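Spelled out from the first residue to the last, the chains are:
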Amino acid sequence: LTDSAAAWGISYKIEKVEYTESFGDRNLGHLEDFLGEAEADSQGNLSGDFKYLFLTITFTNTTDEFREINRNDGGISVIGPSLNTLDWSNNVVYYDTYWEGGKPSQTHHWGLEPGESVTSEVGWMIEGAKRMTDLDETLAGRMGSGGPYELYYHVKQFDGDNEGSSFIDLGVKVE
């Protein structure tokens, strides 16, 4: 557990965390159409057992060569009392700025020169603990409770398991 982490030559530092149902004054044109069963009003605000998790992240290239990153490489995880980890959401639904340096399908990427950084707001849709435990009858048993669960940004550096990965405590709980 850490405040910042690095993997594969990129460091990740969480600058700001916002956990909310409100889409706020963000660019609605950048809200991706991956909301699934979540309901959003015409302003992008969520209702029911869904919230947004907006993270402002500084990505820094720590190598001595150009790197193209995916700003959605990290996921949102929960960690149980016995240190079980569970990917809670990989459902990125918002990027504040689209990268224009690649193909139209690569707007979530970003190109960084050696030592260069970019700070970007990325948003995930988070399902509530009750909804998740209702959908998965084994979840509470595997995680030690039915929630609430602390949310972590998972800096992934693994090949089949979490060895080498880091988890940044976001200071919010999914209830």
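So, a few notes on the structure that sits alongside this text. None of the values given here were measured: they were computed from a predicted structure.

Quick look at unusual backbone geometry
With omega at 0°, the peptide bond leading from Gly 147 into Pro 148 counts as cis. Here Pro 148 shows up in the loop between α2 (139–143) and β12 (149–155).

A look at the nonpolar core
The nonpolar side chains of a soluble globular protein tend to be buried with one another. Judged by nonpolar contacts, the single largest core of 35 residues is most densely connected at Trp 88, Leu 151 and Tyr 153. Formed by 11 residues, the second largest nonpolar core is a distinct cluster that contains Phe 23, Ala 38, Phe 54 and Val 93.

A short note on the pairing of strand β1 (residues 4–7)
Burial along β1 is one-sided: the face carrying Ala 5 and Ala 7 is buried and the face carrying Ser 4 and Ala 6 is not. Following β1, the chain reverses through two residues before pairing antiparallel with strand β2 (residues 10–20); Trp 8 in that reversal takes a positive phi of roughly 55°.

Some details on the packing of aromatic side chains
Inspection of the entire model under this criterion finds nine aromatic pairs. When the ring of Tyr 12 is compared with that of Phe 59, the centres are 5.6 Å apart and the planes differ by 75°; the resulting orientation is edge-to-face. Here Tyr 12, found in strand β2, pairs with Phe 59, found in strand β5 (residues 50–61); they are 47 residues apart in sequence, far enough to count as distant. Among the residues examined, Tyr 12 registers a relative accessible area of 7% and is labelled buried. Given a relative accessible area of 0%, Phe 59 falls into the buried group. Here the aromatic rings of Phe 23 and Tyr 94 are separated by 5.5 Å at their centres, their planes lie at 90°, and the arrangement is edge-to-face.

Notes on the sheet that holds strand β13 (residues 166–174)
Sheet architecture is open: four strands sit in the order β8-β7-β12-β13, paired in antiparallel fashion. Unpaired on one side and paired on the other, β8 (85–89) and β13 mark the two borders of the sheet. Here the strands of the sheet are splayed against their neighbours by 40° on average, with no regard to which way each runs. In terms of strand pairing, strand β7 (residues 75–79) meets β12 through four bridges, oriented antiparallel. Looking across to β12, one finds that Gly 75 is bridged to His 154.

The rules behind these values
Residues numbered from 1 in each chain as written. Predicted model: local features only at pLDDT ≥ 70, side-chain atom pairs only at ≥ 80, totals over all residues. Heavy atoms only, no water. Helix = DSSP H or I, 4+ residues; strand = E, 2+ residues; numbered from the N terminus. Core = buried A, V, L, I, M, F, W, Y, C linked by side-chain atoms within 4.5 Å. Buried < 20%, exposed > 50% of the residue type's maximum accessible area, 1.4 Å probe, protein only. Pairing = 2+ DSSP bridges. Phe/Tyr/Trp six-rings, centres within 6.5 Å; stacked < 30°, edge-to-face > 60°. Axes fitted to C-alpha atoms, helices over the stretch in contact; angles between N-to-C directions.

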